[in-house]
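Coordinate analysis (summary)
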Amino acid sequence: MKIDFRKNSKSLLIVWLLLIILFIGFIVFPLFCVLLSAGIKDFKLVFSSAIFKESVKNTFFECIFSSLAAVIIGYFFAYAVVKTNIPFKRFFSYVPLVHLMTPPFVGGLAFILLIGRQGFITHTLLGLDISLYGFKGLVIAQSLCFFPLSYLICLQSLQGINQNLEQAARSMGAGSLKIFFTITLPLSFSGIISSFLFVAVNVLSDFGNPLIVAGRFRVLAVEIYTQLTGWLNIKTSAVLGIILVIPSVILFLVQNYLLKKQLTKASMNLNFNPEKYYKSSLNSDVKNFNRPATIIFSFFVIVVSICVMLQFVAIIFGSFQKLWGINTTFTLNHIKSVLSGRYSVSLKNSVSFALISAVLSTVIAVFSSYVVHRTEMPLKKTLDIFAQIPSSIPGSLLGLAILLASKKVGFNNSFVLIIIAMTVAFLPFSYRIISQSYSTIKTTLDDGSRSLGANQLFTLTKIIVPLSADGIFGGFIYDFIRGVGTLSAVIFLVSFNTPLTSINIVNLAEQGDWGKSASLALILTVLTFGILAIGIVVLNFLKKHKE
């Protein structure tokens, strides 16, 4: 391994070394601790147990059905926005993005409030005594939770199709249905595959929805938690985590391979710029889309949008009802109770921890993306894998790994461990978003800066970062939003002094205290959108001031 100091400055070498130390210390070492914690007899015990075999089978079917449903919803929602002439297209183009920015546990909680045993729709409106806990409920909750990810990927895939092909087919007499099956669907297939793989990884690692909705339907992500906290069986928990991470890593590698082959140009671009999507969709050949199909797609996006909006309605009404499903008297007691005492501490912790970890993961992503994609430093491919591999690690396994590593080195500061877990868990998202932003900047700017005597870090901070401000901000916001609602990666790390709102919400929901649970979810959602709005205002102000 040689480092060419004629091409790489000493300051860049220091950054490169720091990145390697960080990745080894906080990603590789914890995973090795998990591998070393379990022996062969532990694997034999797990593979001979009917309960764990059932969990593996359940996880497989949950992953397949939830991912398929989320991709189908996301694809046709994107198709309706890009290729059809549905009314209120601007509004509908924002709906999945708003849902994506909502703390992830809100969907599971709203699901119980609406169609649980005492749900507003199932019990109050329809008078039914049914329960959707289990496989069906889990698939519905996860499909609605993850379809925005599929929507974003498929949206860009559909927009990348050359409109001239569809216009030529239409001028030759082909109808909308024939154009869809012979041109649009084949050309967007790579985006569909990429979105399926990405959603499947997220479904496998999902912890909040199975914990709230699955009931007795056992899945591995929850079983890892149950074995450690309920039975204090750390070895079995580690084995289950290793079993769960194998398909996740395979899915990650396949998706990464597709990205390298550029089967989809920007399949991971999660920049928050819905206005761009909307304006580009107006340029499509949408006026010629036939009327019956437009009506069908309008109905489809309305139904999906209502399902998304009902989640917000459920937690709002749940916050102000005395006893959900039984006593609908208006009350402020739930809101007052969660704004005082230990719940207010957990709110403060959730927001501050998410902000700190979002800043750290964004800063690491800024430097690692630059080193990997715009320099000639050695081990670039290894750094690239290190920066992305946490996205394939289920959150509960990552939390367990950091817990084991902290015990190995005798460090037990809960505050620091939670920050580390959040930073590592969401680093891949900001890394990919920022890498995508860097790829749009011509490398001749780097060459010009170097020829004028500037070193690489000066080029990064003075040229690349300002030009990538939107992407960096998108990465930061995405990390913050996921961090505020994160559950699985931190559930093993919280202590009495570091309570988090996401864990309080789940505990209250399990105890049947829907009022406080909904109130905490509502306040956290409002705080999340408030900080997002402040961030957008500040970013726009800085842009105008710079101009």
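This one's a predicted model, so the numbers in the text were calculated from it and none came from an experiment.

Thoughts on the environment of Ile193
- In this structure, Ile193 sits in helix 10 (residues 189–205).
- By relative accessible area, which is 32% here, Ile193 ends up partly exposed.

Observations concerning the UniProt feature "domain: ABC transmembrane type-1" (unreviewed entry) in the chain
- Residues given the UniProt feature "domain: ABC transmembrane type-1" (unreviewed entry) here are residues 56–255 and 347–535.
- When the span residues 347–535 is considered, its composition is 77% helix and 0% strand, and the gap between its end C-alpha atoms is 19 Å.

What to know about the side chain of Gln142
- Tracing the backbone shows Gln142 in helix 7 (residues 135–159).
- With a relative accessible area of 0%, Gln142 lands in the buried category.
- Those residues in contact with Gln142 that lie beyond four places of it in its chain are Glu62, Ser66, Val203, Asp206, Asn209 and Pro210.

Observations concerning the packing of aromatic side chains
- Per the stated rule, a full pass over the model turns up 22 aromatic pairs.
- Here the aromatic rings of Phe76 and Phe297 are separated by 6.3 Å at their centres, their planes lie at 35 degrees, and the arrangement is tilted. Taken as a pair, Phe76 in helix 3 (residues 50–83) and Phe297 in helix 15 (residues 291–320) lie far apart in primary sequence, 221 residues in all.
- For Phe76, a relative accessible area of 29% translates into the label partly exposed.
- Take Phe297: its relative accessible area is 14%, and that puts it in the buried class.

Here's the deal with the nonpolar core
- Judged by nonpolar contacts, the single largest core of 165 residues is most densely connected at Phe77, Leu109, Val371 and Leu383.
- With 15 residues, helix 20 (residues 414–439) is the single largest residue contributor to this core.
- Taken domain by domain, the makeup of this core includes at least three residues from each of domain 1 (8–37 + 331–546) and domain 2 (50–330).
- Non-local contacts of Val371, meaning those with residues more than four positions away in its chain, are made with Leu12, Val15, Trp16, Leu19, Met377, Lys380 and Leu383.

Quick look at the environment of His373
- Within the secondary structure, His373 is located in helix 17 (residues 341–374).
- In this structure, the C-alpha to C-alpha distance between His373 and Ser392, residues 19 residues apart in sequence, is 21 Å.
- Those residues in contact with His373 that lie beyond four places of it in its chain are Asp384, Tyr431 and Ser435.
- At 3.2 Å, the side chain of His373 forms a polar contact with the side chain of Ser435.

Focus: the pairing of strand 2 (residues 327–330)
- Looking at chain direction, strand 1 (residues 321–323) and strand 2 are connected through 2 bridges and run antiparallel. Bridge pairing in strand 2 links Gln321 to Phe330.
- The antiparallel pairing of strand 1 with strand 2 creates a hairpin that spans 3 residues between the two strands, and Gly325 there sits at a positive phi of about 85 degrees.

Looking at the pattern of salt bridges
- Going through the model one piece at a time under the given rule, you end up with 4 salt bridges.
- Two residues, Lys83 and Glu166, come together in a salt bridge whose shortest N-O distance is 3.0 Å. Taken as a pair, Lys83 in helix 3 and Glu166 in helix 8 (residues 163–171) lie far apart in primary sequence, 83 residues in all. For the pair formed by Lys83 and Glu166, the shared burial category is buried.
- Among the ionic pairs, Arg374 bridges to Asp446, the shortest N-O distance being 2.7 Å. With a gap of 72 residues between them, Arg374 in helix 17 and Asp446 in helix 21 (residues 444–451) connect regions that are remote in the sequence. An identical accessibility class is assigned to Arg374 and Asp446; each is buried.

Let's talk about the confidence of the model for the chain
- On average, residues of the chain score 83 in pLDDT, and 91% of them are at 70 or above.
- Confidence, read as mean pLDDT per element, is least for helix 14 (residues 274–282) in the chain (53) and greatest for helix 3 (92).
- Predicted confidence for residues 263–272 stays below pLDDT 50, and this span has 32 contacts to residues more than four positions away or in other chains.

Section: helix 12 (residues 220–229)
- For helix 12, the buried fraction is high: 7 of the 10 residues fall into the buried class.
- Among the residues of helix 12, Leu220, Ala221, Val222, Glu223, Ile224, Gln227 and Leu228 are the ones counted as buried.

Some remarks on the domain arrangement of the chain
- Once the domains are mapped, the chain shows domain 1 (8–37 + 331–546) and domain 2 (50–330).
- Here the C-alpha centroids of domain 1 and domain 2 sit 23 Å apart.
- Taking both sides of the interface into account, the surface hidden between domain 1 and domain 2 amounts to around 4700 Å²; carbon and sulfur atoms contribute 74%.
- When the buried area of domain 1 at its contact with domain 2 is split by residue, Thr331, Arg432 and Trp514 rank highest and sum to 14% of it.
- Counting every contact that joins domain 1 to domain 2 gives 0 salt bridges.

What to know about a nonpolar patch on the surface
- A contiguous nonpolar surface patch, about 540 Å² in accessible area, is contributed by Phe29, Ile356, Leu360, Val409, Phe411, Phe415 and Val416.
- Among the elements of the structure, helix 17 and helix 20 are those that each provide at least two residues to the nonpolar patch.
- Along the polypeptide, Leu360 turns up in helix 17.
- Accessibility expressed as a relative area gives 37% for Leu360, which makes it partly exposed.

A look at the side chain of Ser248
- Tracing the backbone through its elements, the reader meets Ser248 in helix 13 (residues 234–260).
- Judged by its relative accessible area of 0%, Ser248 is buried.
- Of the polar contacts made by the side chain of Ser248, one reaches the backbone oxygen of Leu244; its length is 3.3 Å.
- When residues no more than four places from it in sequence are discounted, the contact partners of Ser248 are Val201, Leu204, Ser392 and Pro394.

About the cut-offs
Residues numbered from 1 in each chain as written. Predicted model: local features only at pLDDT ≥ 70, side-chain atom pairs only at ≥ 80, totals over all residues. Heavy atoms only, no water. Helix = DSSP H or I, 4+ residues; strand = E, 2+ residues; numbered from the N terminus. Buried < 20%, exposed > 50% of the residue type's maximum accessible area, 1.4 Å probe, protein only. UniProt positions renumbered as here; feature names shortened; annotations may be inferred. Contact = heavy atoms within 4.5 Å. Phe/Tyr/Trp six-rings, centres within 6.5 Å; stacked < 30°, edge-to-face > 60°. Core = buried A, V, L, I, M, F, W, Y, C linked by side-chain atoms within 4.5 Å. Domains from an automatic or database assignment. Polar contact = N/O pair within 3.5 Å; in protein donor to acceptor, adjacent residues only side chain to side chain. Pairing = 2+ DSSP bridges. Salt bridge = Lys/Arg side-chain N within 4 Å of Asp/Glu carboxyl O. pLDDT = per-residue confidence, 0-100. Buried area = accessible area lost by both parts, 1.4 Å probe. Patch = residues over 30% accessible without salt bridge, like charges linked within 9 Å, V, L, I, M, F, W, Y side chains within 5 Å. Areas by Shrake-Rupley, 256 points an atom, 1.4 Å probe, with all protein chains shown as cover.

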